[in-house]
Amino acid sequence: MTMPKKGSRLVDVNGVSYRFMVREEGRQVFDQNDQNPVRENLKVLVEAVDSPGHILTAIFNRFKNPGLDPVGPKGVIRLVQLALKQGWAPKVMANFVLAESAIATLRR
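Summary of the structure given here.

About the cut-offs
Residues numbered from 1 in each chain as written. Predicted model: local features only at pLDDT ≥ 70, side-chain atom pairs only at ≥ 80, totals over all residues. Heavy atoms only, no water. Buried < 20%, exposed > 50% of the residue type's maximum accessible area, 1.4 Å probe, protein only. Helix = DSSP H or I, 4+ residues; strand = E, 2+ residues; numbered from the N terminus. Pairing = 2+ DSSP bridges. Core = buried A, V, L, I, M, F, W, Y, C linked by side-chain atoms within 4.5 Å. Contact = heavy atoms within 4.5 Å. Salt bridge = Lys/Arg side-chain N within 4 Å of Asp/Glu carboxyl O. Phe/Tyr/Trp six-rings, centres within 6.5 Å; stacked < 30°, edge-to-face > 60°.

Burial of strand 5 (residues 95-98) is one-sided: the residues Phe96 and Leu98 facing one way are buried, the residues Asn95 and Val97 facing the other way are not. Two strands pair when backbone bridges link them, and strand 4 (residues 55-61) and strand 5 are joined in this way by 4 bridges, in the parallel orientation. Along strand 5, the bridge assignment pairs Thr57 with Val97.

Counting residues in each nonpolar core, the largest one holds 21 residues, and the members touching the most others are Tyr18, Val46, Leu56, Val76, Val80, Trp88 and Leu98. Contributing elements (two or more residues each) for this core: strand 1 (9-13), strand 2 (16-30), strand 3 (37-48), strand 4, helix 1 (73-85), strand 5 and helix 2 (100-103). For this core, the element with the highest residue contribution is helix 1, accounting for 5 residues. Once residues lying within four places of it in the same chain are set aside, the contact partners of Tyr18 are Arg9, Leu10, Val11, Val13, Val46, Glu47, Ala48, Val49, Val80, Leu84, Trp88 and Pro90.

Below, the discussion takes up the side chain of Thr57. Looking at where Thr57 falls in the secondary structure, it is placed in strand 4. With a relative accessible area of 14%, Thr57 lands in the buried category.

Glancing now at the pattern of salt bridges. This structure, assessed with the given rule, holds 1 salt bridge. The residue Lys91 makes a salt bridge to Asp50 at a minimum N-O spacing of 2.9 Å. Placement of Lys91 in the loop between helix 1 and strand 5 and of Asp50 in the loop between strand 3 and strand 4 is noted, with a sequence separation of 41 residues between them. Looking at Asp50, the relative accessible area reads 52%, which means it is exposed.

Phi at Asn14 takes a positive value of approximately 50°, unusual for a residue other than glycine. A relative accessible area of 67% places Asn14 in the exposed class.

Turning our attention to the packing of aromatic side chains. As enumerated under the stated definition, the model contains 1 aromatic pair in all. Aromatic pair Tyr18 and Trp88: ring centres 5.9 Å apart, planes at 40°, arrangement tilted. Taken together, the positions of Tyr18 in strand 2 and Trp88 in the loop between helix 1 and strand 5 put the pair 70 residues apart, joining distant regions of the chain. We classify Trp88 as buried; its relative accessible area is 3%.

In short, the description is geometric, and any link to function would need to be established separately.
Spelled out as structure tokens, the structure:
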């Protein structure tokens, strides 16, 4: 299954275009100021544009890893680079889940 174009963004990593989207999931908690409710986890989904359906998934707890920001294009580029180093082959592997312990290495 491919990601929809609506609600997703594009990044380029080493000459390859990737489509990504970010979703909130998990239980609802309040931010540090106890004013704005947010979901505990962020889920980042990435696929190569020329071979859709082979999805990289990265889920991280935004409160356990407060220094991470994989939501923007720069953070997604870093996630893709890490996943490629860890063996993700977006043109052949159906799905690849990046462990939270690996994601934690991406601190700013």
